[in-house]
Number of protein chains: 2
Amino acid sequence: MEYRKIKDEDNDGGTLSNDIENLRGIGFSGVASVSNVPPREQAKWKRKTVVTVALTFLTSSQAILIVWSKRAGKYEYSVTTANFLVETLKCALSLAALARIWKSEGVTEDNRLSTTLDEVIVYPIPALLYLVKNLLQYYIFAYVDAPGYQILKNLNIISTGVLYRIILKKKLSDIQWAAFILLCAGCTTAQLNSRSDHVLQTSLPGWIMAIVMALLSGFAGVYTEAIIKKRPSRNINVQNFWLYISGMAFNAIAILIQDFDAVMNKGFFHGYSIITTLMILNHALSGIAVSMVMKYADNIVKVYSTSVAMLLTAVVSVFLFGFNLTLAFFLGATVVSVSVYLHSAGKLQR
Amino acid sequence: MEYRKIKDEDNDGGTLSNDIENLRGIGFSGVASVSNVPPREQAKWKRKTVVTVALTFLTSSQAILIVWSKRAGKYEYSVTTANFLVETLKCALSLAALARIWKSEGVTEDNRLSTTLDEVIVYPIPALLYLVKNLLQYYIFAYVDAPGYQILKNLNIISTGVLYRIILKKKLSDIQWAAFILLCAGCTTAQLNSRSDHVLQTSLPGWIMAIVMALLSGFAGVYTEAIIKKRPSRNINVQNFWLYISGMAFNAIAILIQDFDAVMNKGFFHGYSIITTLMILNHALSGIAVSMVMKYADNIVKVYSTSVAMLLTAVVSVFLFGFNLTLAFFLGATVVSVSVYLHSAGKLQR
């Protein structure tokens, strides 16, 4: 539960301050290049690759931290306080990155923190959507068990693709659509276990809730991309700052509603351990990586990235925790790999 | 065991005499057409579709007959006699079709039965390959259990693709290769059950045997196509006649070696039932359909056709026998469907 709750929050953004500096350096100073691709295009591609790889490894290590924390035993910390700290850390990192930029470039129209109501009014919407989704999450377990929910969560892949098409009006080629269906089927196959068939007995209300949750999650992701991309020249750290301020506000409300007594009696940091701290750090950095992917790539890349992370996690868990890989995992991993190939092969023939 | 033994024999050819007549009619009289595709091309496409659909339904009903016969209890007939009868029936049907053609068109260079040693010497090779493969089949069960063998048989898909490329020197596009890998992964996924993971514990000799058997089976299929396509104008019924004569000879030897005593003591037709008869009829027609697919399409089409048949069988079994479909089946069926789509989408961009 902790995992899911924290994880669903991290779909906003942030700032890997050093990385940004480097990337901006590459992007705007036009580093000399041996290939005949224009340096500007090459820098864009490089930046996209760096943020995607960062997201993949952060997501993957996130899952490994969760397995590790489960093995180490339950920690009785308040999930809401951890979520609040994740948002606060992201906010702090965004401000730190901005401070460096102001120092080197001065305050400009694009990197100033002050904003208009017109710009800022939409920022709380993704955080609100995640909040509604997290509330629904408590009720879906009346209809589906936890492993079943893990399976149903793969519907997010399809909903993201559909909403990406409808809301952002971006086209995927037919081959890329086929690849996207395969990604969903492959991820689900890789997660199959002996109890997965239970999910077929899910009742109609259970299915409806799962689909609504997938749509909320997909909509939140696509809407975040829309907000960030609406002002391409606006500095990502400013955009992240406003996103995370909303996140902090919603999580503060969640602390008051859910964990007020625990925090009052046992303290804000009760039950925190080294793993909790690492998880908060990881979630903050992952959230920032998600924002970067939204800015420099898109939701489709994000979905591929987190899917590949899921496979990486399983492989790493074999070495770290002695997990066994199933035949279903190998088959699912094969299908996901082919899907990644088809997504890029499908691009060429547009 | 009966199933597998009969099934592995049916990779040769035959003649659906009425169908041929119709198809020849379409192919050579040039039926008027509304589309702007040349009538000849249209007829070729139609013929290819008819034989592919026929193969799909015959293979699918084959599997259903096997389930039916298993449910009805064990029949103690000799598998070798059944195989011999299948070959004999295919031979008889080829001759009957030839007789009709001779009557209407007269005996020509292309449809005469007499042949040269040069033409006929290669015909026993596929039958011999299947014989070796069937012999190996007895030994592989020392290393793999029956459900594991069903899973490993999907290696045939990959071996057929590779040998098709190497021996027939025909190219598949990159997308079509991706589709072929997906076909293999999808078929295996659809067959997953709680005991499938055992197959990962297969020892090295087991894997080697499975790969050798896949190569033998793939080679036999591809070699049959090479023989049939080497003389495109030669009548398919003549080619089938010589293929099946070889099959009859090898199966006669198999009766002498394996079931001589049983046939002598209990008679050739001991243990035959209505289901046995239907199965023999079905195998003969399927064998003929395979030959037609080799002549008018290729091994790749054959593999797709039999894979789709496997899915159809499972769906029909739900209605006929009350089988339950698993989540793995739905996922595998999705992957196979996307693969079929990609195979034809991949063709366009060659």
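Parameters at a glance
Residues numbered from 1 in each chain as written. Chains lettered and ligands numbered in written order. Predicted model: local features only at pLDDT ≥ 70, side-chain atom pairs only at ≥ 80, totals over all residues. Heavy atoms only, no water. Helix = DSSP H or I, 4+ residues; strand = E, 2+ residues; numbered from the N terminus. Buried < 20%, exposed > 50% of the residue type's maximum accessible area, 1.4 Å probe, protein only. Contact = heavy atoms within 4.5 Å. Areas by Shrake-Rupley, 256 points an atom, 1.4 Å probe, with all protein chains shown as cover. 1 Å grid on protein atoms, 1.4 Å probe; cavity = no way out; pocket = protein on both sides within 12 Å on 5 of 7 lines; lining within 4 Å. Points joined across faces, edges and corners; volume = space filled by probe spheres on them. Phe/Tyr/Trp six-rings, centres within 6.5 Å; stacked < 30°, edge-to-face > 60°. Salt bridge = Lys/Arg side-chain N within 4 Å of Asp/Glu carboxyl O. Buried area = accessible area lost by both parts, 1.4 Å probe. Polar contact = N/O pair within 3.5 Å; in protein donor to acceptor, adjacent residues only side chain to side chain. Nonpolar A, V, L, I, M, F, W, Y, C, P; charged D, E, K, R; others polar. Least-squares fit on C-alpha atoms with pLDDT ≥ 70 in both. Expected span 1.5 Å × (residues − 1). pLDDT = per-residue confidence, 0-100. Core = buried A, V, L, I, M, F, W, Y, C linked by side-chain atoms within 4.5 Å. Disulfide = S-S within 2.5 Å.

Colleague: It is not clear to me how the overall build of chain A should be interpreted in this structure. Could you clarify?
Modeller: Looking only at helices and strands, chain A features 15 helices and 0 strands. Of all 350 residues assigned to chain A, the portion counted as buried reaches 52%. For chain A, long-range pairs separated by at least 24 residues make up 89% of all intrachain contacts whose partners lie at least 6 apart in sequence. As presented, chain A carries roughly 15,800 Å² of accessible surface, and 66% of it is formed by carbon and sulfur atoms.

Colleague: I keep staring at unusual backbone geometry and nothing clicks. Help me out?
Modeller: When glycine is set aside, most residues are seen to have a negative phi, and most peptide bonds are trans. Residues and elements named next belong to chain A. Even without being a glycine, K169 presents a positive backbone phi close to 55°. Assignment of secondary structure puts K169 in the loop between α8 (155–167) and α9 (174–190). We classify K169 as exposed; its relative accessible area is 64%.

Colleague: Looking at this structure, I do not really get empty space enclosed by the protein. What am I missing?
Modeller: Unoccupied space between atoms shows up once a probe the size of one water molecule is rolled over them. Residues and elements named next belong to chain A. Considering all chains together, one arrives at 5 cavities of 30 Å³ or more under this definition. Of the pockets and cavities examined, the largest cavity occupies roughly 60 Å³. For the lining of the largest cavity, the secondary-structure elements that each account for two or more residues are α7 (146–152) and α10 (204–230). The dominant element in the lining of the largest cavity, judged by the number of residues it contributes, is α10, at 3 residues.

Colleague: Any chance you could explain the packing of aromatic side chains here in plain terms?
Modeller: Any two aromatic rings considered together are summarised by their centre-to-centre distance and by the angle between their planes. Inspection of the entire model under this criterion finds 20 aromatic pairs over all chains. Aromatic ring contacts, followed pair by pair, group F84(A), F268(A), F269(A) and Y272(A) into a single cluster.

Colleague: Explain the pattern of salt bridges here, please?
Modeller: Side chains that differ in sign of charge can pair as their charged atoms come close. Taken as a whole, this structure holds 14 salt bridges over all chains when the rule is applied. A salt bridge links R231(B) to D118(B), with the shortest nitrogen-to-oxygen separation between them at 3.5 Å. A residue pair is termed long-range when its members are at least 10 positions apart, and R231(B) in the loop between α10 (204–230) and α11 (236–258) and D118(B) in helix α5 (residues 117–120) qualify at 113 residues. Residue classification places R231(B) among the partly exposed positions, given a relative accessible area of 24%. One salt-bridge network, in which partners are shared between bridges, spans K170(A), E225(A) and K229(A).

Colleague: Just to check I follow, could you spell out the interface of chain B and chain A for this structure?
Modeller: When the parts of a complex come together, some accessible area is lost, and that lost area is often taken as the interface size. With 27 residues of chain B in contact, the opposing surface of chain A contributes 27 residues. Carbon and sulfur atoms make up 84% of the surface buried where chain B meets chain A, a total of about 2,100 Å² over both sides. Ranking the residues of chain B by area buried against chain A places L200(B), L327(B) and L331(B) at the top, with a combined share of 24%. On the surface where chain B and chain A come into contact, there are 0 salt bridges. For the pair chain B and chain A, the number of links is 2 residue pairs in polar contact (both at pLDDT 80 or more). For the side of chain B that touches chain A, the element with the highest residue contribution is helix α15 (residues 327–348) of chain B, accounting for 10 residues. Considered class by class, the residues forming the side of chain B that touches chain A number 19 nonpolar, 6 polar and 2 charged.

Colleague: Looking at this structure, how should I read the relation of the copies chain B and chain A?
Modeller: Relating one copy of the chain to the other takes a rotation about an axis and a shift parallel to that axis. For the pair chain B and chain A, the relating rotation is 180°, the translation along its axis is 0.0 Å, and the fit reaches an RMSD of 0.0 Å. Such a turn and shift between the copies fits a two-fold axis. In terms of C-alpha distance to the rotation axis, chain B has S194(B) as its closest residue, with the C-alpha 2.9 Å off the axis. By residue overlap, the copies meet face to face through one surface: 100% of the interface positions of chain B are interface positions in chain A.

Colleague: Explain helix α8 (residues 155–167) of chain B here, please?
Modeller: Since the α-helix advances by 3.6 residues per turn, residues separated by three or four positions end up pointing in the same direction. Residue and element names in this part refer to chain B. Under the 1.5 Å per step criterion, the end-to-end length of α8 is 18 Å for 13 residues, consistent within 8% with the ideal 18 Å. For α8, the full list of buried residues reads N156, I157, S159, T160, G161, L163 and Y164. The inward-facing, buried residues of α8 contact α9 (174–190), α10 and α14 (299–321). Backbone geometry just downstream of α8 places K169 in the positive-phi region, at approximately 55°.

Colleague: Mind showing me how you'd approach the confidence of the model for chain A here?
Modeller: Detailed reading of the predicted coordinates is not advisable wherever pLDDT is low. Taken over all residues, the pLDDT of chain A has a mean of 84, while the share at 70 or more is 87%. The secondary-structure element of chain A with the lowest mean pLDDT is helix α2 (residues 17–29) of chain A, recorded at 36, while α9(A) shows the highest, at 95.

Colleague: Please explain the nonpolar core as it appears in this structure.
Modeller: If you look at the biggest cluster of nonpolar residues, it comprises 82 residues, and the most contacted ones within it are L182(A), L183(A), L342(A), L182(B), L183(B) and L342(B). Among the nonpolar cores identified, the runner-up in size contains 25 residues, and L55(A), F84(A), L243(A) and I288(A) belong to it.

Colleague: So what exactly am I meant to see when it comes to the side chain of S286(B) here?
Modeller: Residues and elements named next belong to chain B. Structurally, the position occupied by S286 is in helix α13 (residues 274–296). Accessibility expressed as a relative area gives 2% for S286, which makes it buried. Reaching out from S286, the side chain makes a polar contact with the backbone oxygen of N282 at a distance of 2.7 Å.

Colleague: I tried to follow the environment of T276(A) on my own but got confused; where do I start?
Modeller: Residue and element names in this part refer to chain A. Structurally, T276 is set in helix α13 (residues 274–296). A relative accessible area of 2% places T276 in the buried class. Spatially, the C-alpha atoms of T276 and L65 are 9.0 Å apart, while their sequence positions differ by 211 residues. Setting aside residues up to four positions removed in sequence, T276 forms contacts with Y77 and G271.

Colleague: Can you walk me through the state of the cysteines in this structure?
Modeller: What we call a disulfide is simply a covalent bond connecting the sulfur atoms of a pair of cysteines. Scanning the model with the defined rule gives 0 disulfides over all chains in all. Here C184(A) is not disulfide-linked; the sulfur of C187(A) is the nearest cysteine sulfur, at 7.3 Å.

Colleague: Before we go on, may I ask you to explain the environment of I257(B) in this structure?
Modeller: By secondary structure assignment, the location of I257(B) is in helix α11. Relative accessible area serves as the criterion here: at 68%, I257(B) is assigned to the exposed category.

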